[in-house]
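# Descriptive analysis of the structure
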Amino acid sequence: MNLQNKTAIITGAGKGIGKAAAIALAKEAVHLGLIARSGGDLEALQSGLTAAHGVKVYTATADVGSKEEADRAVSLLGEQLGAIDILLNNAGTAQFGTLVDMDPAQWERIIQTNLMGTYYITRAALPTMLKQDAGSIINIASTAGERGFATGSAYCASKFAVMGLTEALMQEVRKSNIRVTALTPSTVNTELAVNTGLPIGDEDRMMQPEDVAELILATLKLPLRVFVKTAGIWTTNPQ
Ligand SMILES: NC(=O)c1ccc[n+]([C@@H]2O[C@H](COP(=O)([O-])OP(=O)(O)OC[C@H]3O[C@@H](n4cnc5c(N)ncnc54)[C@H](OP(=O)(O)O)[C@@H]3O)[C@@H](O)[C@H]2O)c1
């Protein structure tokens, strides 16, 4: 599918995978609506992308884990863009600790951002896609959404839930020509990985956010008759 002049909303677009996806889509002449909590990150990206690629870039600061903020951001960006062809649910957070040691507030924040944020943003964007009778939704899950590991109860629970949401929604909207896909990267070299102490190792062998952006592009470019339910992507760096 040719992406030129399509429109995309990306959550968590200020850094890491979301930022790399914004750059990759702008190079394909996709107009963008970018969401994160830090306006400064989004504004820097906005001016750079507009100057380099001539695409329209709009921004909205919002915590995706707040229904009101998610609704407001999607409504504003949807109006500015005039359509929502692509939704990338990427905003996410991680923290690891044993189930007993982890503060319940931290546990809840992970579920609120990773699961409820994906739900709120999708719920806000989906009516536009249903009206268009077309669209692509990509949810950034994780290998942590496919297998559990010690200290990952909150993160794994949130990402397993995103996998379930993705599959159920895929079945719900596929007849409306809306594709819903979950991507499940292993460790990617971003602030999230560094801040949570994930093994980064040799940078040359470590998966970079730009690599995940390539898979996002490849998924979006498939002919509309093709649905990718889940696509895994692994670093060569042994973990
Ligand atoms: N890095 C990895 O190893 C890895 C592996 C598999 C899956 N993932 C998933 O990939 C996605 C992106 O992660 P990343 O590694 O690129 O992280 P990152 O570098 O920390 O970037 C996260 C982005 O999300 C935004 N964000 C975080 N919480 C938010 C909230 N409540 N509302 C709105 N925006 C929020 C952040 O901006 P603000 O703080 O300004 O809001 C930032 O722009 C996440 O879903 C993560 O779980 C990451």
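Notes on the structure in this doc start here. (Residues numbered from 1 in each chain as written. Predicted model: local features only at pLDDT ≥ 70, side-chain atom pairs only at ≥ 80, totals over all residues. Heavy atoms only, no water.)

## Side note on the packing of aromatic side chains
Inspection of every chain in the model, using the stated rule, returns three aromatic pairs. Pairing Phe-96 with Tyr-155 gives two aromatic rings, centres 5.6 Å apart and planes at 85 degrees, and the pair type is edge-to-face. In this pair, Phe-96 sits in the loop between strand 4 (86-89) and helix 4 (104-132) while Tyr-155 sits in helix 5 (residues 153-173), placing the two residues 59 residues apart along the sequence. Using a relative accessible area of 12% as the deciding quantity, one classes Tyr-155 as buried. An aromatic cluster is present here, built from Phe-96, Phe-149 and Tyr-155 joined pairwise through their rings. (Phe/Tyr/Trp six-rings, centres within 6.5 Å; stacked < 30°, edge-to-face > 60°. Helix = DSSP H or I, 4+ residues; strand = E, 2+ residues; numbered from the N terminus. Buried < 20%, exposed > 50% of the residue type's maximum accessible area, 1.4 Å probe, protein only.)

## Description of the site of the ligand
Residues in contact with the ligand amount to 28 residues; listed here are only the nearest, Arg-37, Ser-38, Tyr-155, Val-188 and Thr-190. Between the ligand and Ser-38 there is a distance of 2.4 Å, counted from an oxygen atom to a side-chain nitrogen or oxygen. Within the contact set of the ligand, an oxygen atom lies 2.8 Å away from a backbone nitrogen or oxygen of Asn-90. Considered on its own, the ligand offers 890 Å² of accessible surface; in the complex 94% of this is hidden by protein. Listing elements by their share of the shell around the ligand, those giving two or more residues are helix 1 (16-27), helix 5 and helix 6 (191-195). If one sorts the elements of the shell around the ligand by residue count, helix 6 sits on top with three residues. Its residues assigned to classes, the shell around the ligand comprises twelve nonpolar, eleven polar and five charged. (Near = heavy atom within 4 Å. Polar contact = N/O pair within 3.5 Å; in protein donor to acceptor, adjacent residues only side chain to side chain. Areas by Shrake-Rupley, 256 points an atom, 1.4 Å probe, with all protein chains shown as cover. Nonpolar A, V, L, I, M, F, W, Y, C, P; charged D, E, K, R; others polar.)

## Overview of the environment of Ala-182
Inspection of the secondary structure assignment puts Ala-182 in strand 6 (residues 178-185). Taking the C-alpha atoms as reference, Ala-182 lies 4.8 Å from Asn-139; in sequence the two are 43 residues apart. If sequence neighbours within four positions are ignored, Ala-182 has contacts with Asn-139, Ala-141, Met-163, Thr-166, Lys-229, Thr-230 and Ala-231. (Contact = heavy atoms within 4.5 Å.)

## A few points about the pairing of strand 7 (residues 230-233)
Burial of the side chains of strand 7 is restricted to one face: Ala-231 and Ile-233 are buried, whereas none of Thr-230 and Gly-232 on the reverse face is. As paired elements, strand 6 and strand 7 share four bridges and run parallel to each other. Bridging across to strand 7, Leu-183 finds its partner in Ala-231. (Pairing = 2+ DSSP bridges.)

## A look at the environment of Val-74
By secondary structure assignment, the location of Val-74 is in helix 3 (residues 67-81). Look at Val-74 and you get buried, because its relative accessible area is 2%. In the structure, Val-74 is positioned 54 residues away from Ala-20 in sequence and 20 Å away in space, judged by C-alpha atoms.

## Things to note about the sheet that holds strand 7
Picture the strands of a sheet paired through backbone hydrogen bonds; they go either parallel or antiparallel. A sheet is described by the order of its strands in space; here seven strands give the open sequence 3-2-1-4-5-6-7, paired in parallel fashion. The two strands at the open ends of the sheet, each matched to only one other strand, are strand 3 (57-61) and strand 7. Averaged over all pairs of adjacent strands, the angle between strand axes in this sheet comes to 15 degrees, irrespective of strand direction. The pairing of strand 1 (residues 7-11) with strand 4 spans three bridges and is parallel. Note on strand 4: the bridge partner recorded for Ile-9 is Leu-87. In this fold helix 3 packs onto strand 1, strand 2 (31-36) and strand 3, with an angle of close to 165 degrees to the strand it touches most, strand 3. (Axes fitted to C-alpha atoms, helices over the stretch in contact; angles between N-to-C directions.)

## A word on the nonpolar core
Among the nonpolar cores identified, the biggest contains 35 residues, and Ile-10, Leu-25, Leu-32, Leu-34 and Ile-216 are the most heavily contacted of them. Broken down by secondary-structure element, the contributors of at least two residues to this core are strand 1, helix 1, strand 2, helix 2 (39-53), strand 4, strand 5 (135-140), helix 7 (209-221) and strand 7. For this core, the element with the most residues is helix 1, which contributes seven residues. Not counting chain neighbours up to four residues away, the residues in contact with Leu-34 comprise Ile-10, Ala-13, Ala-22, Leu-42, Leu-45, Val-57, Tyr-58, Thr-59, Ala-60 and Leu-77. Counting 24 residues, the second-largest nonpolar core is a separate cluster that includes Ala-70, Ala-91, Tyr-120 and Met-170. (Core = buried A, V, L, I, M, F, W, Y, C linked by side-chain atoms within 4.5 Å.)

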